[in-house]
2 protein chains.
Amino acid sequence: MKLDRQTIQLAAITLLNEEGLEKLSMRTLAKALDVKAASLYFHFKNKDELMEGIAELISGRIRQRLEKVQNCDFYQLAHILREELKRVNDSPKIFENTYPFTPNRTKLIVLGMKLMQDLGVDKQHLTVAGNMGNNFVLSYVADEQYFARGTQRQMPAEFAAKFPSPIDLANPDEAFDYGLAVFIRGVQATTK
Amino acid sequence: MKLDRQTIQLAAITLLNEEGLEKLSMRTLAKALDVKAASLYFHFKNKDELMEGIAELISGRIRQRLEKVQNCDFYQLAHILREELKRVNDSPKIFENTYPFTPNRTKLIVLGMKLMQDLGVDKQHLTVAGNMGNNFVLSYVADEQYFARGTQRQMPAEFAAKFPSPIDLANPDEAFDYGLAVFIRGVQATTK
DNA sequence: ACCTGAACACCGTTCAAGT
DNA sequence: ACCTGAACACCGTTCAAGT
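Residues numbered from 1 in each chain as written. Chains lettered and ligands numbered in written order. Predicted model: local features only at pLDDT ≥ 70, side-chain atom pairs only at ≥ 80, totals over all residues. Heavy atoms only, no water.

## Things to note about the overall build of chain A
Next, step 1: Assigned secondary structure in chain A consists of 11 helices and 0 strands.
Next, step 2: Its helices and strands taken in sequence order, chain A reads α-α-α-α-α-α-α-α-α-α-α from the N to the C terminus.
Next, step 3: Principal axes of the C-alpha set define a box for chain A whose edges measure 55 × 45 × 30 Å.
Next, step 4: A separation of at least 24 residues holds for 72% of the contacts in chain A among residues at least 6 apart in sequence.
Next, step 5: As displayed, chain A has an accessible area near 10000 Å², and 52% of this comes from carbon and sulfur atoms.
Next, step 6: Looking at chain A, you have 25 positive and 24 negative side-chain charges, and the mean spots of the two groups are 4 Å apart. (Helix = DSSP H or I, 4+ residues; strand = E, 2+ residues; numbered from the N terminus. Contact = heavy atoms within 4.5 Å. Areas by Shrake-Rupley, 256 points an atom, 1.4 Å probe, with all protein chains shown as cover. Lys, Arg positive; Asp, Glu negative; His and termini not counted. Charge placed at Lys NZ, Arg CZ, Asp CG, Glu CD.)

Below you can see the structure in the form of structure tokens.
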């Protein structure tokens, strides 16, 4: 088997979409590639570096899509981010648990900051606002994937009675736009 | 050694604050309690149930503090939530990865929903808004604890040059209030 | 340069057996 | 009722050895 970093990362993504992050081990990944676990360590220093590579790969996909968008605003960035995160099961957890300043990802962070500036955020709150926008999308996709899994335990009857038919599950796109609007309008309203 | 669920949970919290979630295993926990790992399984079905118990214990602390607050609004809830989460290292990750509908935690969720209603959120967006508020605080504390750890790798020079001295790190309380204001005003602005 | 065999030091979990 | 010894099936990682 001829390995390289990208082959390994793509195989890992396939495994994530089939089984989820918990089932992804260096050994299962090696097995899927018909290779021994130790071989992976020739291409990646350790598992963390592999995860970092996956986040970086996804960031590259996002940047590629952004190139085709002129006059990008935060609304569009958030939508593309959500869509690409959804393509990889458990990607929000991977993003949360890896070092963020890899090349493509850094460029996305810088773009996010610029878009915050465009929304009128003052300089001293750029990073807070940027983190908040990023965390909103990550958490939203994490919740979506959690419910898509369908393996959760039930809500207690007490709760289900009080909040019947939560529309977000039926209308995830509308709910995402609602949350996004909350964030964007909130940022605008909080600018002096 | 005389064990019970609470003793185990408190020992786990101590270990979290000393070493973090990654170092917390059933075996290290047992060692800290001067007991064998298998003993823990008499009190908890598995590690997940133990983590769930820790989140539930923290939720109980929050509820206790909320009892002393009259006319609680979301601003106050968010502050108390943040403070209690900060008392336990990696608590945001624990909350994210456990089943949420345990008794005390369910009551907090119901309260959160009610406070969203007080802010004027329409019925069909209650759960989205509630999740968003919850995720905001969780993510914020996760970031705070990440930076408090101090073991992160450096930002690239390119980035540090563009965004010098991020005030959020120096002024975490002010930054939290900023984010909270963004959320609250955004919710109000997005109500028809 | 790239891969493997074999090992090391860990995990979570189970369960018959002890008290 | 509560705890343990001993095992099972896993992990991530290293490194001398092979090609």
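## Description of the packing of aromatic side chains
Next, step 1: Summed over the entire model, instances satisfying the criterion amount to 12 aromatic pairs over all chains.
Next, step 2: Geometrically, the ring pair formed by A:F74 and A:F183 is tilted, given 5.3 Å between the ring centres and 55° between the ring planes. Here the residue A:F74 occupies a position in helix α5 (residues 74-86), and A:F183 occupies one in helix α11 (residues 172-189), the gap between them amounting to 109 residues.
Next, step 3: Consider the rings of B:Y146 and B:F147, whose centres lie 5.4 Å apart with planes at 75°: the pair is edge-to-face.
Next, step 4: Taking relative accessible area as the criterion, B:F147 reaches 38% and is therefore assigned partly exposed.
Next, step 5: Linked through ring pairs, A:F136, A:Y140 and A:F176 together constitute an aromatic cluster.
Next, step 6: Sitting over the ring of B:Y99, A:R153 keeps its end group 4.1 Å from the ring centre. (Phe/Tyr/Trp six-rings, centres within 6.5 Å; stacked < 30°, edge-to-face > 60°. Buried < 20%, exposed > 50% of the residue type's maximum accessible area, 1.4 Å probe, protein only. Lys NZ or Arg CZ within 6 Å of the ring centre and 35° of its normal.)

## Overview of the environment of A:K2
Residues and elements named next belong to chain A.
Next, step 1: Tracing the chain through its elements places K2 in the segment before α1 (5-19).
Next, step 2: Residue classification places K2 among the exposed residues on the basis of a relative accessible area of 74%.
Next, step 3: With 31 residues separating them in the primary sequence, K2 and L33 have C-alpha atoms 9.5 Å apart.

## A short note on helix α1 (residues 5-19) of chain B
Given 3.6 residues per helical turn, the α-helix brings residues three or four places apart onto the same face.
Next, step 1: Helix length check: α1(B) (15 residues) gives 21 Å between terminal C-alpha atoms against 21 Å at 1.5 Å per residue, within 8%.
Next, step 2: Downstream of α1(B) by one or two residues, B:G20 has phi in the positive range, about 90°. (Expected span 1.5 Å × (residues − 1).)

## Notes on the protein's contact with DNA strand C
Next, step 1: In the vicinity of DNA strand C, 18 residues are found, and the nearest of them are A:S39, A:H43, B:R27, B:Y41 and B:K47.
Next, step 2: Of what DNA strand C places within 4 Å of the protein, 58% of the atoms are sugar or phosphate.
Next, step 3: In the environment of DNA strand C, a phosphate oxygen lies 2.9 Å from a nitrogen or oxygen atom belonging to the backbone of B:M26.
Next, step 4: Contact distances for DNA strand C include 2.3 Å between a base nitrogen and a side-chain N or O atom of B:R27. (Near = heavy atom within 4 Å. Polar contact = N/O pair within 3.5 Å; in protein donor to acceptor, adjacent residues only side chain to side chain.)

## Brief notes about the protein's contact with DNA strand D
Next, step 1: Taken together, the neighbourhood of DNA strand D is formed by 18 residues, with A:R27, A:Y41, A:K47, B:S39 and B:H43 sitting nearest.
Next, step 2: Those atoms of DNA strand D that come within 4 Å of the protein belong to sugar or phosphate at a rate of 58%.
Next, step 3: Between DNA strand D and the protein, one listed contact pairs a base nitrogen with a side-chain N or O atom of A:R27 at 2.3 Å.
Next, step 4: Every element with two or more residues in the surface near DNA strand D is listed here: α2 (26-32) and α3 (37-43) of chain A together with α3 (37-43) of chain B.

## As for unusual backbone geometry
All names here are of chain A.
Next, step 1: Look at D34: it is not a glycine, yet its phi comes out positive at around 60°.
Next, step 2: Locating D34 in the fold gives a position in the loop between α2 and α3.
Next, step 3: D34 sits in the exposed class, given a relative accessible area of 68%.

## A word on the relation of the copies chain B and chain A
Next, step 1: If you rotate chain B by 180° and push it 0.0 Å along the axis, it lands on chain A with an RMSD of 0.0 Å. A rotation of that kind, with that shift, is consistent with a two-fold axis. Judged by C-alpha distance, B:G186 is the residue of chain B that lies nearest the rotation axis, at 1.7 Å.
Next, step 2: Looking at chain B, 98% of its interface residues are interface residues in chain A too, so the copies touch through the same face. (Least-squares fit on C-alpha atoms with pLDDT ≥ 70 in both.)

## Some thoughts on the interface of chain B and chain A
It is common to give the size of an interface as the accessible area that goes away when the parts come together.
Next, step 1: Every contact between the two is made by 48 residues of chain B and, on the other side, 48 residues of chain A.
Next, step 2: Carbon and sulfur atoms supply 65% of the area buried between chain B and chain A, which totals about 4400 Å² over both sides.
Next, step 3: Here chain B and chain A share 2 salt bridges between them.
Next, step 4: Put simply, B:E52 and A:R153 hold a salt bridge, and the shortest N to O gap is 2.4 Å.
Next, step 5: Applying the counting rule to chain B against chain A returns 12 residue pairs in polar contact (both at pLDDT 80 or more).
Next, step 6: Here the element with the most residues in the side of chain B that touches chain A is helix α8 (residues 126-149) of chain B; it accounts for 12 residues. (Buried area = accessible area lost by both parts, 1.4 Å probe. Salt bridge = Lys/Arg side-chain N within 4 Å of Asp/Glu carboxyl O.)

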